[in-house]
Amino acid sequence: MLALVIDTSSAAVTAGVVDCAVDTAQGGPRVLSEQVIVNARGHGERLAPLIRQALAEAGAGMIDLTAVIAGVGPGPFTGLRVGLVTAAAISDARGIPAYDVCSLDAIAAGTVEPRRLLVATDARRREVYWARYVAGRRVGEPAVAKPADLPGEAEELADAMVGAGARLYADLLRLPLLDDVDHDYPAVRGLGLLAADRVRSGAPTEPLTPLYLRRPDAVEPVASKTVSQ
Amino acid sequence: MSPMASEALVLGIETSCDETGIGIVRGSTLLADAVASSVAEHARYGGVVPEVASRAHLQAMVPTVHRACEQAGVQLSDVDAIAVTAGPGLAGALLVGVAAAKAYALALDKPLYGVNHLSAHVSVDLLENGPLEEACVALLVSGGHSSILRVPRVGGLELTELGATLDDAAGEAFDKVARLLGLGFPGGPLIDRAARDGDPASIAFPRGLSGASDPAFAFSFSGLKTAVARWVEARQRAGEPVPVNDVAASFQEAVVDVLTIKAVRAAREQGVDHLLLGGGVAANSRLRELAAERCAREGIRLRVPRPGLCTDNGAMVAALGAQLVQHGAPPSALDIPADSSMPIADVLM
């Protein structure tokens with residue numbers, strides 16, 4: 001019961017294959033392959049070859065896939081869309097369901113967590129995408145904010161923090177950083193874990209709606225300038 | 001094998017601007033042309049907003065592919081190759097189509113062809129007017145480009161630019177003048193409509209780069225746009241009403257006059273018998289009319305697709321892809337980029 005896993009919500013381009021029929025001792029499906037390239041501008045060029053490599057490493061072909069699992073962000077728009085349109089097209093072409101996972105949840109799920117965890121990723125423009133987790137459950141919706149504008153005092157928010165955004169703004173966020181670079185980006189295990197039940201039960205396919213959290217930069221024009229002097 | 005069965009079935013994907021276009025062709029036969037446009041979402045901004053367009057492409061991609069397959073009566077698994085616009089165009093918008101094309105190619109185990117948007121605009125003519133077994137000259141006019149090309153073979157890998165606009169594209173000038181006249185966005189069809197009730201000879205707007213010493217096949221529309229703005233502002237300052245239809249007709253006449261004179265001259269100088277029109281501005285009714293008149297006078301055959309195939313669509317991408325397959329062009333690699341400034345002479349990535 002193999003699923004292709006894709007996440008392009010961060011500077012990492014990630015593709016892997018999980019076997020959802022097998023639950024490992026650590027919990028979650030068995031990771032058969034995981035290919036990661038950190039290249040914030042490389043999603044469009046790197047993802048498709050990476051998927052091919054991930055399948056080869058897992059000894060699998062497209063025909064062996066039961067589902068596609070995609071991290072739906074939040075993340076920088078252009079890269080995020082590459083992963084989502086790729087997942088949607090593969091799901092369509094193979095006639096297999098696609099399942100979404102919030103990319104911040106995947107980071108949290110990949111962490112041996114403290115009771116209260118802050119996950120923060122790099123949203124560019126000196127902001128982070130963030131969410132809070134208590135006992136493994138997300139509290140509220142993911143949001144985007146300047147690191148200094150997160151609500152409440154640091155110690156009220158969480159016991160520790162994780163993610164590339166947490167690392168980047170450690171001085172502003174002032175929480176103990178889970179200092180393992182493997183947790184900076186959503187990983188195949190966390191993504192697979194959060195969708196494995198849906199893969200196993202053959203749940204209906206999902207629309208893979210991106211979590212943009214920002215409106216497009218666009219302003220309505222004001223009256224045009226005159227050209228005559 | 002019958003000739004029909006040996007012709008490649010190609011799915012074409014176009015996302016270089018605000019239309020998500022999916023086309024399916026077999027050889028040079030059009031089977032499906034499905035377009036989802038985000039133009040209404042851009043209208044209030046007075047122009048295409050790249051991020052709005054990119055978001056719309058992502059949403060529209062799979063449903064539009066389905067619509068095309070239904071129209072064509074084919075299954076995705078029947079497709080022999082995937083062609084996609086790799087450039088030029090809006091970077092973020094192109095990337096959605098390129099990523100989708102790679103994914104379909106990978107998942108269906110079919111070759112990928114990353115093609116040039118401009119060459120696709122030229123190639124779409126094959127679907128309507130059939131194969132052309134000789135060189136021709138093409139006038140390619142759209143919101144982003146205005147060029148005169150020598151095309152040794154429509155759908156081939158070679159193409160030479162004889163001249164291009166030095167500033168605004170023709171379609172861009174239509175948008176700017178439409179905004180100036182308060183007609184709205186996109187300007188092309190609105191000016192075309194207003195011009196039908198106007199007098200094209202009422203105002204003598206300048207014909208850019210038409211002097212004896214000017215480059216023969218280059219265009220300039222920026223000065224024309226400014227001349228229209230000055231004329232309109234002078235009227236407004238004098239407290240007189242602006243004759244919108246006359247301005248639209250006179251402006252349109254200035255654009256299509258220069259375009260057709262230069263294109264016909266290029267065809268004559270190149271010694272070709274055919275002039276081909278392509279691109280969104282080729283949907284303009286006056287351009288089509290005047291080109292037909294001038295070609296007839298010079299004994300040149302005009303080839304122009306119906307308006308729906310002149311604007312951006314996936315069928316043109318599929319049409320070019322099918323030609324490349326048929327002539328054994330090497331497929332693109334899975335790591336090709338989307339190139340927002342892909343040179344016009346590069347037909348295939």
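A. Region of interest: the overall build of chain A. Helices and strands together make up the secondary structure of chain A, namely seven helices and nine strands. Against the 2.2 N^0.38 benchmark of 17 Å for 229 residues, chain A shows a C-alpha radius of gyration of 19 Å, consistent with a compact globule. In terms of principal-axis extent, the alpha carbons of chain A reach across some 70 × 50 × 30 Å. Taken over 229 residues, chain A has a buried fraction of 53%. Taken as a whole, chain A presents about 10,100 Å² of accessible surface, with 51% of it coming from carbon and sulfur.

B. Fine view of the domain arrangement of chain B. Residue and element names in this part refer to chain B. Domain annotation for chain B reports domain 1 (3–124 + 313–326) and domain 2 (134–305). In this structure, domain 1 and domain 2 have C-alpha centres spaced 27 Å apart. Of the residues lining the interface, 16 residues belong to domain 1; the matching set on domain 2 comes to 18 residues. At the boundary of domain 1 with domain 2, total buried surface from both sides reaches about 1,300 Å², with 73% on carbon and sulfur atoms. Interface area lost by domain 1 to domain 2 is led by L118, H121 and V122, which between them contribute 40%. Run the count over domain 1 and domain 2 and you get one residue pair in polar contact (both at pLDDT 80 or more). Those elements that provide at least two residues to the side of domain 1 that touches domain 2 are α2 (39–43), α5 (117–123) and α13 (314–326). Looking at side-chain class alone, the side of domain 1 that touches domain 2 contains nine nonpolar, seven polar and no charged residues.

C. Local environment of the environment of R214(A). Take R214(A): it is sitting in the segment after α7 (188–201). Separated by 95 residues in the primary sequence, R214(A) and V119(A) place their C-alpha atoms 18 Å from one another. Ignoring anything within four residues of it in the chain, the contact list for R214(A) reads F77(A), A123(A), R124(A), R125(A), E127(A), Y129(A), V144(A) and R55(B). Side-chain polar atoms of R214(A) contact the backbone oxygen of A123(A), separated by 3.1 Å. In terms of polar contacts, R214(A) uses its side chain to reach the side chain of E127(A), at 2.7 Å.

D. Seen up close, the interface of chain B and chain A. On the side of chain A, 34 residues touch chain B, which itself brings 34 residues to the contact. Across the chain B-chain A interface, the total number found is one salt bridge. For E51(B), the salt bridge identified is with R81(A), shortest N-O distance 2.9 Å. On inspection of chain B and its partner chain A, the count reaches six residue pairs in polar contact (both at pLDDT 80 or more). Elements supplying a minimum of two residues to the side of chain B that touches chain A: α3 (50–72), α4 (91–108) and α9 (222–237) of chain B. Counting residues per element, the side of chain B that touches chain A draws most heavily on α4(B), which supplies 11 residues.

E. Representation of the packing of aromatic side chains in the model. Across all of its chains, the model carries three aromatic pairs over all chains by this definition. Relative to F251(B), the ring of F174(B) has its centre 5.1 Å away and its plane inclined at 70 degrees; by these criteria the two rings are edge-to-face. Within this pair, whereas F174(B) is found in helix α7 (residues 170–180), its partner F251(B) is found in helix α10 (residues 244–270), the two being separated by 77 residues in sequence. On the basis of relative accessibility, which here comes to 2%, the residue F174(B) falls in the buried class. Over the ring of F77(A) we find R55(B), and its NZ or CZ is 4.6 Å from the ring centre.

F. Structural context of the pairing of strand β9 (residues 274–278) of chain B. All names here are of chain B. In terms of burial, β9 is largely enclosed, as five of its five residues are buried. With burial as the criterion, each face of β9 is covered, one bearing H274, L276 and G278 and the other bearing L275 and L277. As paired strands, strand β6 (residues 136–141) and β9 are joined by four bridges and run parallel to one another. Paired with L140 across the bridge in β9 is G278. Bridge analysis of β9 against strand β10 (residues 301–303) gives three bridges, and the strand direction is parallel.

G. Structural view of the state of the cysteines. Under the counting rule described, the total for this entry stands at zero disulfides over all chains. C17(B) takes part in no disulfide bond, and the closest cysteine sulfur, belonging to C310(B), lies 16 Å away.

H. Representation of the sheet that holds strand β2 (residues 19–26) of chain B within the structure. Residue and element names in this part refer to chain B. Pairing within the open sheet is mixed, and its five strands lie in the order β3-β2-β1-β4-β5. Each edge of the open sheet carries a strand with a single partner, namely β3 (29–37) and β5 (112–116). Taken pair by pair, the neighbouring strands of this sheet meet at an average axis angle of 20 degrees, ignoring direction. Judged from the five bridges that link them, strand β4 (residues 81–87) and β5 form a sheet pairing that is parallel. Considered in β5, the bridge of T85 is made with V115. Docked against the sheet, α3 engages β1 (9–14), β2 and β3, running at close to 150 degrees with respect to β3. Strand contacts of α13: β1, β2, β3, β4 and β5, with the helix running at about 135 degrees to β1, the strand carrying the most contacts.

I. Examining the nonpolar core more closely. In this structure, I51(A), I13(B), I24(B), I82(B) and Y104(B) are the most contacted members of the largest nonpolar core, which totals 69 residues. Element by element, the count of residues in this core is highest for α4(B), at 12 residues. Those residues in contact with I82(B) that lie beyond four places of it in its chain are L11(B), I13(B), A101(B), Y104(B), A105(B), L108(B), P111(B), L112(B) and Y113(B). Judged by nonpolar contacts, the second largest core, of 47 residues, contains V177(B), A248(B), A263(B) and V264(B).

Cut-offs used in this document
- Here the residue numbers are simple positions, counted from 1 along each chain's written sequence.
- Chains carry letters from A onward and ligands carry numbers from 1 onward, assigned in written order.
- Residues qualify for local features only when their pLDDT is at least 70, as the model is predicted, and side-chain atom pairs are given and counted only at 80 or more; totals for whole chains, interfaces and linings, by contrast, use all residues.
- In computing side-chain properties, one takes all heavy atoms of the structure into account and sets aside hydrogens as well as water.
- Helix and strand labels come from DSSP, where a helix needs a run of H or I of at least four residues and a strand needs a run of E of at least two; each type is numbered from the N terminus.
- The globule rule used for comparison is 2.2 Å times the number of residues to the exponent 0.38, while the radius of gyration itself is calculated over C-alpha atoms.
- Per-residue accessibility, obtained with a 1.4 Å probe over protein chains only, is compared with the maximum for each type, and a residue is labelled buried under 20%, exposed over 50%, and partly exposed between these values.
- The method behind every accessible area is Shrake-Rupley, applied with a 1.4 Å probe, and residues are considered shielded solely by the protein chains displayed.
- Where each domain starts and ends comes from a domain assignment, either automatic or drawn from a database.
- Residue contacts are counted whenever heavy atoms from the two residues lie within 4.5 Å of one another.
- Accessible area that two parts lose when put together, evaluated with a 1.4 Å probe and summed over both, is termed the buried area.
- Contacts described as polar in this section are N or O atom pairs within 3.5 Å, which, within protein, must combine one atom able to donate a hydrogen with one able to accept it, while residues neighboring in sequence count only if both atoms come from side chains.
- All amino acids are sorted into three groups, where Ala, Val, Leu, Ile, Met, Phe, Trp, Tyr, Cys and Pro are nonpolar, Asp, Glu, Lys and Arg are charged, and the leftover types, Gly among them, are polar.
- Each reported salt bridge corresponds to a side-chain nitrogen of Lys or Arg within 4 Å of a carboxyl oxygen of Asp or Glu.
- Pairs were defined over the aromatic rings of Phe, Tyr and Trp, the Trp ring being its six-membered one, requiring ring centres within 6.5 Å. Orientation was assigned from the angle between planes: stacked under 30 degrees, edge-to-face over 60, tilted for the rest.
- Geometrically, a charge over a ring is one whose NZ (Lys) or CZ (Arg) sits within 6 Å of the ring centre while staying within 35 degrees of the ring normal.
- Should DSSP find at least two bridges between two strands, the strands are taken to pair.
- In plain terms, two cysteine sulfur atoms within 2.5 Å form what is called a disulfide here.
- Inter-axis angles, ranging from 0 to 180 degrees, are taken between N-to-C directions of lines fitted to C-alpha atoms, where helices are fitted over the stretch in contact.
- Throughout this description, the term nonpolar core refers to a set of buried Ala, Val, Leu, Ile, Met, Phe, Trp, Tyr and Cys residues connected via side-chain atoms within 4.5 Å.

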